[in-house]
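Geometric and topological summary
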Amino acid sequence: MNYHVKSYIKHWFSAHHSGGFGIHSPFAYHFATRVLKEEYRYYCYDWIEKVRKKLCRDKSVIKVTDYGTGPSCEKRVCDIARNSLKSARQSQVLFRTAVAYKCHNILELGTSLGITTLYLSQADTHAKVTSLEGCPETASIAQKSLDQAGVKNVKIVIGDIDKTLDTTLSGYETVDLVFFDANHRKEPTLRYFDACLKKAGTHSVFIFDDIYHSQEMTEAWEQIKANDRVRVTVDTFYMGFVFFDKKLQKEHYKIRF
């Protein structure tokens, strides 16, 4: 049994239900019931999922430049769309998080084909959304989807995130939401976290993708949880959510999703 599967089983038996049962913190209860479990179908869900379906039918081959965990190689767009993109359910949680916490300054590390980028852009169409992507060809496809949808509040920055992150952060006074989905290794994840932490405000939320991707990603997640500025974390297995409000008691929750 591999690490990912073992971690999922352990999480399932140790986590709270997303209905909020057993969660005593009003903040965490609200997040579980009004963000994770919210079933209202927002206006943008349908058209963004039509973009996903279009990508899933696209058999064109592109060169994927990977600065993260995998080698650079050629892949079909449809294979990337089916195997690498966040699911509709998970992408919509990103949207609802941005809505719930009124996130105006949004940063995404890892654009891929742009589905999560579209969701983040629609939480507030007047928000400033910057998405960093290392691969020029996936970024080009994402930009095409943004253009076809008429999305005007997103800027995609292409290049090695090790070289583009600091410059991008210099353009923000604070970051309200950061979605970390670029490099699933411990050292880069912690380095990106430390860089973004300098721009985090009281009501900022950081979201880390695939925190059980590997042992080292889980180690990074545990180190992030222990940071003195971190107050509340929510582990949904698929993603880890980090909150910084000093008024909150330091707590760590696992919630089934």
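One can find the structure itself at the top, above this paragraph.
A short tour of the structure in this document, coming up. Every residue gets a number counted from 1 within its own chain, in the order that chain's sequence is written. Selection of residues for local features in this predicted model requires a pLDDT of at least 70, selection of side-chain atom pairs for listing and counting requires 80 or more, and totals for whole chains, interfaces and linings are taken over all residues. Just so you know, side-chain values use all the structure's heavy atoms and leave hydrogens and water out.

The next subject is the overall build of the protein chain. Of the regular secondary structure elements, the protein chain holds ten helices and ten strands. Based on the C-alpha atoms only, the size of the protein chain along its principal axes is roughly 50 × 45 × 35 Å. Burial status follows relative accessibility: with a 1.4 Å probe on protein chains alone, a residue under 20% of its type maximum counts as buried, one over 50% as exposed, and anything between as partly exposed. Counting only residues that meet the buried cut, the protein chain has 55% of its 257 residues in that class. The contacts in the protein chain between residues at least 6 apart in sequence include a share of 68% that link residues at least 24 apart. Only the protein chains shown count as covering a residue, and every accessible area follows the Shrake-Rupley method with a 1.4 Å probe. With an accessible surface of roughly 12400 Å², the protein chain has 50% of that area assigned to carbon and sulfur atoms. Charged residues are defined narrowly, with Lys and Arg counted positive, Asp and Glu counted negative, and His plus the chain ends left uncounted. Positions of charges follow a simple convention, taking NZ of Lys, CZ of Arg, CG of Asp or CD of Glu. In the protein chain, 37 side chains carry a positive charge and 30 a negative one; their mean positions are 4 Å apart. The helix and strand labels rest on DSSP assignments: H or I over at least four residues marks a helix, E over at least two residues marks a strand, and numbering proceeds from the N terminus. The contact rule is simple, with two residues in contact once any of their heavy atoms fall within 4.5 Å.

Below, the discussion takes up the state of the cysteines. Note on terminology: pairs of cysteine sulfur atoms within 2.5 Å are recorded as disulfides. Evaluated as defined, the whole model comprises zero disulfides. Cys44 forms no disulfide, and the closest cysteine sulfur to it belongs to Cys103, at a distance of 15 Å. Note on Cys135: no disulfide assigned, nearest cysteine sulfur contributed by Cys73 at a separation of 9.5 Å. Cys135 sits in the buried class, given a relative accessible area of 1%.

Turning to helix H6 (residues 115-122), a few remarks are in order. In terms of residue burial, H6 counts as a mostly covered element, since eight of its eight residues are buried. Where H6 is concerned, the buried positions are Ile115, Thr116, Thr117, Leu118, Tyr119, Leu120, Ser121 and Gln122.

With that settled, the discussion passes to the pattern of salt bridges. One side-chain nitrogen of Lys or Arg within 4 Å of one carboxyl oxygen of Asp or Glu is enough to make a salt bridge. Per the counting criterion, the structure on display carries nine salt bridges. Residues Asp46 and Arg41 are paired through a salt bridge, measuring 2.9 Å at the closest nitrogen-oxygen approach. Residue class for Arg41 comes out partly exposed when judged on its relative accessible area of 47%. Linking Arg191 and Asp162 is a salt bridge whose minimum nitrogen-to-oxygen distance equals 2.7 Å. With Arg191 in helix H9 (residues 186-197) and Asp162 in helix H8 (residues 161-169), the pair connects residues that are 29 residues apart, well separated along the chain. A network of salt bridges, in which partner residues are shared, links Asp162, Glu187 and Arg191.

By definition, two strands form a pair when at least two bridges between them are found by DSSP. Here we have eight strands laid out as an open sheet, ordered S5-S4-S3-S6-S7-S9-S8-S10, and mixed in their pairing. Bordering the open sheet on either side are strand S5 (154-158) and strand S10 (251-254), each of which pairs with just one other strand. For this sheet, the mean angle separating the axes of adjacent strands, direction not counted, is 15°. Note: strand S4 (residues 128-133) against S5, five bridges, orientation parallel. For every element, the axis is a line fit to its C-alpha atoms; helices are fit only across the contacting stretch, and the angle between N-to-C directions ranges from 0 to 180 degrees.

On the secondary structure map, Asn153 appears in the loop between helix H7 (136-149) and S5. Asn153 sits in the buried class, given a relative accessible area of 12%. Looking at Asn153, its side chain comes within polar contact range of the main-chain oxygen of Ala127, at 3.3 Å. Asn153 has contacts with Ser121, Asp124, Thr125, His126, Ala127, Lys128 and Val129, leaving out every residue within four places of it along the chain. Here a polar contact is recorded for every N or O atom pair within 3.5 Å, except that within protein the pair must consist of a potential hydrogen donor and a potential acceptor, and residues adjacent in sequence are included only if both atoms are side-chain atoms.

To continue, consider the packing of helix H5 (residues 88-100) against H6. Contact geometry for H5 and H6: axes closest at 8 Å, N-to-C directions at 30°. By the criterion of interaxial angle, the relationship of H5 to H6 is roughly parallel. Of the two possible hands of crossing, H5 and H6 adopt the one that is right-handed. Only Ile115, Thr116, Tyr119, Leu120 and Gln122 of H6 make contact with H5, whose side of the interface consists of Ser91, Gln92, Leu94 and Phe95. Ten residues, namely Ala, Val, Leu, Ile, Met, Phe, Trp, Tyr, Cys and Pro, are considered nonpolar, four, namely Asp, Glu, Lys and Arg, are considered charged, and the remaining ones, Gly among them, are considered polar. A breakdown of the residues in the contact of H5 with H6 according to their chemical character gives five nonpolar, four polar and no charged. Put simply, angles under 35 degrees are roughly parallel, angles over 145 are roughly antiparallel, angles from 65 to 115 are roughly perpendicular, and the rest are oblique. Each crossing gets its handedness from the near helix: less than a right angle anticlockwise from the far helix is left-handed, clockwise is right-handed.

Next up on the list: a nonpolar patch on the surface. Patches in this entry comprise residues that are over 30% relatively accessible and not in a salt bridge; like charges within 9 Å are linked, as are nonpolar side chains (Val, Leu, Ile, Met, Phe, Trp, Tyr) within 5 Å. On the surface, Met1, Val5, Tyr8, Ile9, Trp12 and Phe13 cluster together to form a nonpolar patch covering roughly 640 Å² of accessible area. Structurally, Phe13 can be placed in helix H1 (residues 3-14). According to the relative accessible area criterion, Phe13 is exposed, its value standing at 68%.

As for its placement among the helices and strands, Thr164 is situated in helix H8. Apart from the residues within four sequence positions on either side, Thr164 is in contact with Leu132, Val157, Ile158 and Gly159.

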